[in-house]
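The chain contents come next:
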Amino acid sequence: MTSLRRPILPRLITMLAVLAGVVAGPALAQAIEFRSLTEQAILYDTPSEQGKRLFILRSGTPVEIVIRLDKWVKVREPGGSLNWLEGRVLSNRRTVLVAADRAVIRREARDDAAPSFEAVRNVVLDLVEPPSLGWAKVRHRDGEEGYIRINEVWGL
């Protein structure tokens, strides 16, 4: 008799959480927003010019948008820290940062494709096409293009 009288609310909450994960899961996975810096930017510990200046990111660096607050944006930078910067320095242009010590950018999205060029850690590359099947098409600032493995970059 006691098994029939178990509270239904905890089970209902669990079922709703599972359903929300199934329905919203793919949408949440795509909700990460990246932008690139149009110019070098000072990162602050608070959303204010009176806040502590932490460090400077160079132009073109991709950042992950966490939250917007008036003219300020909280971002995750490639090193992983969460800081504030002025929203005016963000662009819709997409870039990625090479995270591997040395990455071979290939002419086609295949491991056995001929190399197009190589890039070392922290080189900024323009994102030409969205990633597909583990590869992203990128362009170096000197114009060379090719495909890089998505696990070798930060900013996707």
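Remember, it's a predicted structure, so these values are computed and weren't measured experimentally. (Residues numbered from 1 in each chain as written. Predicted model: local features only at pLDDT ≥ 70, side-chain atom pairs only at ≥ 80, totals over all residues. Heavy atoms only, no water.)

## What to know about the overall build of the chain
Part 1 of the reasoning: Scanning the chain from N- to C-terminus turns up one helix and 14 strands.
Part 2 of the reasoning: When the 156 residues of the chain are sorted by exposure, 33% land in the buried category.
Part 3 of the reasoning: Long-range pairs, those at least 24 residues apart, make up 49% of the contacts in the chain between residues at least 6 apart in sequence.
Part 4 of the reasoning: Accessible surface, the chain as shown: approximately 10,000 Å² in total, 55% of it carbon and sulfur. (Helix = DSSP H or I, 4+ residues; strand = E, 2+ residues; numbered from the N terminus. Buried < 20%, exposed > 50% of the residue type's maximum accessible area, 1.4 Å probe, protein only. Contact = heavy atoms within 4.5 Å. Areas by Shrake-Rupley, 256 points an atom, 1.4 Å probe, with all protein chains shown as cover.)

## Some words on the environment of Trp-135
Part 1 of the reasoning: Position of Trp-135 among the secondary structure elements: in strand E12 (residues 135-139).
Part 2 of the reasoning: Given the relative accessible area of 6%, Trp-135 is considered buried.
Part 3 of the reasoning: Remark: the alpha-carbon pair of Trp-135 and Ile-150, spanning 15 residues in sequence, is separated by 5.3 Å.
Part 4 of the reasoning: Within the structure, Trp-135 has its side chain in polar contact with the backbone oxygen of Ala-109 (distance 3.4 Å). (Polar contact = N/O pair within 3.5 Å; in protein donor to acceptor, adjacent residues only side chain to side chain.)

## Side note on the nonpolar core
Part 1 of the reasoning: Counting 13 residues, the largest nonpolar core has Val-96, Val-98, Ala-103, Ile-105, Leu-125, Val-138 and Ile-148 as the members making the most contacts within it.
Part 2 of the reasoning: The contacts of Leu-125, once residues within four sequence positions are left out, are Arg-94, Thr-95, Val-96, Val-98, Phe-117, Val-138, Arg-139, His-140 and Ile-148.
Part 3 of the reasoning: Membership of the second largest hydrophobic core comes to eleven residues, among which are Leu-37, Ala-41, Leu-57 and Val-73. (Core = buried A, V, L, I, M, F, W, Y, C linked by side-chain atoms within 4.5 Å.)

## Looking at the pairing of strand E5 (residues 72-76)
Part 1 of the reasoning: Two elements, strand E4 (residues 62-69) and E5, share five bridges in a ladder whose sense is antiparallel. Residue pairing for E5: Leu-69 is matched across the bridge by Trp-72.
Part 2 of the reasoning: Connecting the antiparallel pair E4 and E5 is a turn made up of two residues, with Asp-70 showing a positive phi of about 55 degrees.
Part 3 of the reasoning: In sequence, E5 turns back onto strand E6 (residues 82-86) through a hairpin of five residues, with Gly-80 there showing a positive phi of about 105 degrees. (Pairing = 2+ DSSP bridges.)

## Overview of the environment of Leu-37
Part 1 of the reasoning: Assignment of secondary structure puts Leu-37 in strand E1 (residues 33-37).
Part 2 of the reasoning: For the pair Leu-37 and Gly-60, spaced 23 residues apart in sequence, the C-alpha separation works out to 4.8 Å.
Part 3 of the reasoning: Dropping the residues within four chain positions of it, Leu-37 is found in contact with Leu-57, Arg-58, Ser-59, Gly-60, Thr-61, Val-63, Leu-85, Val-89 and Leu-90.

## What to know about a nonpolar patch on the surface
Part 1 of the reasoning: Side chains of Val-66, Ile-67 and Leu-82 sit close together on the surface and give an oily, nonpolar patch of about 230 Å² of accessible area.
Part 2 of the reasoning: Take Ile-67: it is sitting in strand E4.
Part 3 of the reasoning: According to the relative accessible area criterion, Ile-67 is partly exposed, its value standing at 45%. (Patch = residues over 30% accessible without salt bridge, like charges linked within 9 Å, V, L, I, M, F, W, Y side chains within 5 Å. Salt bridge = Lys/Arg side-chain N within 4 Å of Asp/Glu carboxyl O.)

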